[in-house]
Each structure stands twice: as C-alpha cells, then as structure tokens.
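# Structural features, examined
These are the residues of each chain, in order.
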Amino acid sequence: MEVTYPRMSTEPRVSVIIPCFNRAHLLRECLLSLSEVASPDWEVIVVDDGSTENIRSVVETTMPTARYIRQDNQGAGAARNTGIKAARGRYIRFLDSDDYLLPGEGLQAQLDLMEADPEIGLVYGQSIKVNRLGKNTGVRRSPWGTGDYVRDGLEEMSKLLFYSYMTTSTTLVRRAALEDVGLFRVDLPTGEDWELWLRIARRYKVGYIDLPISFYRVHPESITGGKSQAEQMLRVHRRVLDELFSDPKVTDLYAHMLPELYLDIELRAAHSAWRSLQPKECRRYTLRALMS
C-alpha cells in the first residue's frame, strides 16, 4: 500500500473519504468542487483502489493538501474502510469520486444536527441526480416527506428495510458509531452501504436534512447489467434481511413485514431485469412475486 500524508496543523473535525477506481476526469471535478465547500477543519482522503489511470497525479495537481492512499483493487467498500482507518476526524463524510458536494447550508446543517445530539449516528440529505451530460434528472430525498428530522433508528428501519434511499455521498457518519457497529462489509458484492446504514440504525438515531447535499451521477452501466445483476441483488437482500431478523428486537418490531419485504425484493428484481432487457427473467421474478 502506498500512502502520502500531508499533515494538518490541528486535528480535523471532518474526514472526507473518496474511494476511486479510474475515472480520473470525474475525480478532478469532484476535488475541484470539494475545494469550494471544504472547511479548514476538514481533511480529504482519496483511496485509489488499484486504478490503471494516474490517480495520484490528479490528486497532487488538483488538491495537494489531500491524503492519497493506493491499494490493490478490492472494491469500493474495502476502499472506504481503508479511508476510515486512516481518518482522524470525529465525523466521516463519504463522497464517491464521480459525485460532488454542493455549496449551501446543507453541509453545515448536517454537522450542527450531529453535534447537537450525541445519539445520532448518521445524517443524510437530498441528492440531485444528474446524467452523464450533467443534466438534472430529479431529486433523491427522504421517503418520510418533507422537512428535517431526527428519528429513532429502529423506527427509521420500517422504511430502510425495503431499500437504500440514503445516497452515500450525502451521508455524514459519527466515527464512534462506526467503531461500535463495524465498517463496510467486503463479503457482499452489492448493497454494502445499505447494510451498514441498517446496522447503524439498529443502535443509533438517524437524522435527515431536507436540503441538497450532493450531485449524484447516474451512469448508464448502473441500470443495464443483465440477469446476474438482478439475481445478485435478490440474493444479497435476502441474506441481509435473514441476518438482520436474527435480532429479537428487530423481529419483535417487524416480523409482520417479512412477507411484504420478500415480495418487494422479487418485484425489484423483476424491475431490474426489465431495465436490463431480460424479459424472460422479468416474467419469472414477477410470477414468483405473485405466487408469494
């Protein structure tokens, strides 16, 4: 592992962790936008997950104050874990290399909310969806309606059990919460962020700021894939739910929802197969949903 450590004169309050695998031009955009919104008490850590492009050069020329770490390719979850272990801030802000943070009140509002209540483990916010041309295609926000909130994590799970509506690049997480519940799982091929948010919600309050926090770039490859993508999603979600419901507290609260949750998994697999131009697989998942 190759590490470059520019040092700060004081300990940072927020550590921004950016996992990166190629897409150097998008990382440059990400870092340029970050330099416009970052506070002096932030540190930025870029984890190069075995890129074939010269990511180090992009970091050094665009944001020389950032800390650069290179590792063998292990996936985004493992790269975020490397960044967490190197971080020194009390709060961890995750930012994907193809997204970028937005100026405005949202970033500070998240931090203020976190600092006002030590029982909050995670605060998320709105993300503005953009396509590969940078065109705004919609807003991803809380399913609970409009307005800021702080909610008991187990209550938050009544919706979070269905799907991950928390865009990773809008999340601010208390470092102590990660030390308590653990880091991203590297044994899951997808959904490792959703699984971590569920673990945090089991033990901590969850906050939401109803303001734009980041631009979230939607790539064509994120909605194409094939049969294996739908199957992979289905297997992972079933596995995570099975593990989660081994907790008696979760079972007591939400056992009545299990049929609906498993039905929803089949329907989302059908939708994924349909978007991937797999009509036979779409029909198979839909029939399984109807028979469940």
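As shown above, the structure is provided for reference.
Right, let's walk through the structure included here. Owing to the predicted nature of the structure, the values given are computational and were not obtained by experimental measurement. (Residues numbered from 1 in each chain as written. Predicted model: local features only at pLDDT ≥ 70, side-chain atom pairs only at ≥ 80, totals over all residues. Heavy atoms only, no water.)

## Here's the deal with the overall build of the protein chain
The number of helices and strands found in the protein chain is eleven helices and eleven strands. Against the 2.2 N^0.38 benchmark of 19 Å for 292 residues, the protein chain shows a C-alpha radius of gyration of 19 Å, consistent with a compact globule. The dimensions of the protein chain, computed from C-alpha atoms along their principal axes, are 60 × 40 × 35 Å. Put simply, the protein chain has 292 residues, and 53% of those count as buried. In the protein chain, once contacts between residues fewer than 6 apart in sequence are set aside, the share between residues at least 24 apart is 76%. Counting only carbon and sulfur atoms, one obtains 52% of the accessible surface of the protein chain, whose full area is about 13,400 Å². Each charge class in the protein chain can be summarised by its mean position, and for the 38 positive and 40 negative side chains these summaries are 4 Å apart. (Helix = DSSP H or I, 4+ residues; strand = E, 2+ residues; numbered from the N terminus. Rg over C-alpha atoms; globule rule 2.2 N^0.38 Å. Buried < 20%, exposed > 50% of the residue type's maximum accessible area, 1.4 Å probe, protein only. Contact = heavy atoms within 4.5 Å. Areas by Shrake-Rupley, 256 points an atom, 1.4 Å probe, with all protein chains shown as cover. Lys, Arg positive; Asp, Glu negative; His and termini not counted. Charge placed at Lys NZ, Arg CZ, Asp CG, Glu CD.)

## Some thoughts on the side chain of Glu-156
Along the chain, Glu-156 falls in helix α5 (residues 153–160). Here Glu-156 sits buried without a salt bridge, and the closest side chain of opposite charge, Arg-151, lies 4.1 Å off (N-O distance). A polar contact is formed between the side chain of Glu-156 and the side chain of Trp-144, at a distance of 3.2 Å. Those residues within four positions of Glu-156 in sequence are excluded, and the remaining contacts are Tyr-124, Trp-144, Tyr-149, Arg-151, Tyr-165, Met-166 and Val-206. (Salt bridge = Lys/Arg side-chain N within 4 Å of Asp/Glu carboxyl O. Polar contact = N/O pair within 3.5 Å; in protein donor to acceptor, adjacent residues only side chain to side chain.)

## What to know about the packing of α5 against helix α7 (residues 192–203)
Packing of α5 against α7 brings their axes to within 7 Å, and their N-to-C directions diverge by 150 degrees. Between α5 and α7, the crossing angle belongs to the class labelled roughly antiparallel. Of the two elements, α5 crosses α7, and the hand of that crossing is left-handed. Residue-level contacts link Gly-153, Leu-154, Met-157 and Leu-160 of α5 to Trp-194, Trp-197, Leu-198, Ala-201 and Arg-202 of α7. Its residues assigned to classes, the contact of α5 with α7 comprises seven nonpolar, one polar and one charged. (Axes fitted to C-alpha atoms, helices over the stretch in contact; angles between N-to-C directions. Parallel < 35°, antiparallel > 145°, perpendicular 65-115°, else oblique. Left-handed = near helix turned anticlockwise from the far one by under 90°. Nonpolar A, V, L, I, M, F, W, Y, C, P; charged D, E, K, R; others polar.)

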